[in-house]
Amino acid sequence: MVNYKDLGLVNTKDMFKRAIAGKYAIAAFNFNNMEQMQAIIQAAVETKSPVILQVSSGARKYANQTLLRYMAQGAVEYAKELGCANPEIVLHLDHGDSFELCKSCIDMGFSSVMIDGSHFPYEENIALTKKVVEYAHQFDVTVEGELGVLAGVEDDVVAEHHTYTQPSEVVDFVSRTGVDSLAISIGTSHGANKFTPAQCTRDANGILIPPPLRFDILEEIEKEIPGFPIVLHGSSSVPQDLVAQINHYGGKLVDSIGIPEEQLRKAATSAVCKINIDSDGRLAMTAAVRKVFVEQPGEFDPRKYLGPARDTLKALYKLKLENVLGSAGKLAK
Ligand code: G3H
Ligand code: 13P
Ligand code: ZN
């Protein structure tokens, strides 16, 4: 048993409290490898932001949970080396799907876990989430639960349509489970194709405009559980310049579309205090790597394409922290 506090990590409690009071949100960036971790930490240090490093089941399969945990421990030391005396870094399990998986992460030093029982019937979701909370809280590990189902792909689960979170259920869910934060469904979805063209309108230039998020549902939820930490998954904005760069250098992304940044900015000023971003990072890395491959076809040193990918990623993350989530300069000390 390793406690996250011995690794220099923090849980989400204090940072969420400050984020809600200060009307900003904390970024949760997924990582699977060293370059992504370095980009996240460099961006967090340079902007003086608290940050959440999150590990999905896919990441565990790809990179190995033990290695990822040691990388997160290394991330704390790395942040200090980069000049941040008191980094606030959370190591979070993204979309945990069983008690055993959550327990295994808690036991090896994760400071926060998500138990995603949103695909189960309501009472099963409550029972599973409560079991994880009871275990996690013994070690001061924070737990995120989920109510409502996002459209799109989450690991191996595919949902064609959104099932929006029902505001009438949130008080019951939060009080019976004891969760520390709640992921909700208000129209975001995972991946780089969040909406079909049929769900969108087009502006005068033929650019797809996605349907707005259901801020009315968010407001109702906030009325039910005032000040309670809310999480938005599926919050990549799918920057069109990155999509264009990927396609320019031989990629084939069709109808890729995300959540407009101004809507994320608006969400960040509410009780939404954690915003999950993975796909945008994937796009940034892919765009940079494709450019090197096309412009320098003789290059075969991975550092020569993963290096630019890391730089592009860091620039993207810095923009998110500064201009979208508003967490720059929000470290506790
Ligand atoms: O919620 C899904 C995340 O984007 C993680 O995706 O399981 O492919 O790593 P992944
Ligand atoms: P995106 O696919 O929009 O980046 O969402 C990531 C996510 O929600 C991870 O849990
Ligand atoms: Zn997610």
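Above this text you will find the structure in question.
Residues numbered from 1 in each chain as written. Chains lettered and ligands numbered in written order. Predicted model: local features only at pLDDT ≥ 70, side-chain atom pairs only at ≥ 80, totals over all residues. Heavy atoms only, no water.

### Focus on the side chain of Ser-112
Within the fold, Ser-112 resides in strand E4 (residues 112-115). A residue is classified by how much of its surface remains accessible, and Ser-112, at 2% relative accessible area, is buried. A distance of 2.7 Å separates a polar atom in the side chain of Ser-112 from a polar atom in the side chain of His-92. For Ser-112, the contacting residues outside a window of four places in its chain are Thr-12, Val-90, Leu-91, His-92, Leu-93, Val-141 and Thr-142. (Helix = DSSP H or I, 4+ residues; strand = E, 2+ residues; numbered from the N terminus. Buried < 20%, exposed > 50% of the residue type's maximum accessible area, 1.4 Å probe, protein only. Polar contact = N/O pair within 3.5 Å; in protein donor to acceptor, adjacent residues only side chain to side chain. Contact = heavy atoms within 4.5 Å.)

### Here's the deal with the pairing of strand E2 (residues 51-55)
Where a strand is regular, its side chains alternate between the two sheet faces. A large share of E2 lies buried, amounting to five of its five residues. Here E2 shows no split at all, with Val-51, Leu-53 and Val-55 on one side and Ile-52 and Gln-54 on the other all buried. Bridge count between strand E1 (residues 26-30) and E2: three bridges; the pairing is parallel. Residue Asn-30 lies in a different strand from E2, and its bridge partner there is Gln-54. At this point the chain moves from E1, through helix H2 (residues 34-47), to the parallel E2, and the crossover so formed is right-handed. In this sheet, strand E3 (residues 89-96) lies alongside E2 in parallel orientation, the contact comprising five bridges. Note that in E3 the partner of Leu-53 across the bridge is Leu-91. (Pairing = 2+ DSSP bridges. Right-handed = clockwise from strand over helix to strand, strands pointing away.)

### Things to note about the environment of Leu-53
Residue position: Leu-53 is located in strand E2. The buried category is assigned to Leu-53, whose relative accessible area is 0%. Separated by 21 residues in the primary sequence, Leu-53 and Asn-32 place their C-alpha atoms 9.9 Å from one another. Leave out the neighbours within four places in its chain, and Leu-53 touches Phe-29, Phe-31, Ile-40, Ile-41, Ala-72, Ala-75, Ile-89, Val-90, Leu-91 and His-92.

### Details of unusual backbone geometry
The phi torsion at Asp-140 lies on the positive side, around 65 degrees, for a residue other than glycine. Looking at the secondary structure, you find Asp-140 in the loop between helix H6 (122-137) and strand E5 (142-147). The phi torsion at Val-238 lies on the positive side, around 50 degrees, for a residue other than glycine. With respect to the secondary-structure elements, Val-238 resides in the loop between strand E11 (230-232) and helix H9 (240-248). The buried category is assigned to Val-238, whose relative accessible area is 1%.

### Concerning the site of ligand 2
Around ligand 2 sit 16 residues in total, of which Asp-94, Lys-194, Ser-236, Asp-278 and Ser-279 are the nearest. Here an oxygen atom of ligand 2 and a side-chain polar atom of Asp-94 are 2.7 Å apart. Measuring from an oxygen atom of ligand 2, one finds a backbone N or O atom of Gly-191 at 2.8 Å. Burial of ligand 2 by the protein chains amounts to 96% of its free accessible area of 310 Å². When residues of the shell around ligand 2 are traced back to their parent elements, those giving at least two are E3 and strand E12 (272-277). Within the shell around ligand 2, the residues separate by chemical class into one nonpolar, twelve polar and three charged. (Near = heavy atom within 4 Å. Areas by Shrake-Rupley, 256 points an atom, 1.4 Å probe, with all protein chains shown as cover. Nonpolar A, V, L, I, M, F, W, Y, C, P; charged D, E, K, R; others polar.)

### Focus: the pattern of salt bridges
One pass over the full model with this rule turns up 19 salt bridges. Here Lys-274 ties to Glu-144 by a salt bridge, and the two come within 2.7 Å at their closest N and O atoms. With a gap of 130 residues between them, Lys-274 in strand E12 and Glu-144 in strand E5 connect regions that are remote in the sequence. One exposure class covers both Lys-274 and Glu-144, and it is buried. Between Arg-303 and Asp-301 there is a salt bridge; the shortest N-O distance is 3.0 Å. The class for Arg-303 is exposed, based on a relative accessible area of 66%. If you follow the salt bridges from partner to partner, you end up with Lys-5, Lys-13 and Asp-140 in one network. (Salt bridge = Lys/Arg side-chain N within 4 Å of Asp/Glu carboxyl O.)

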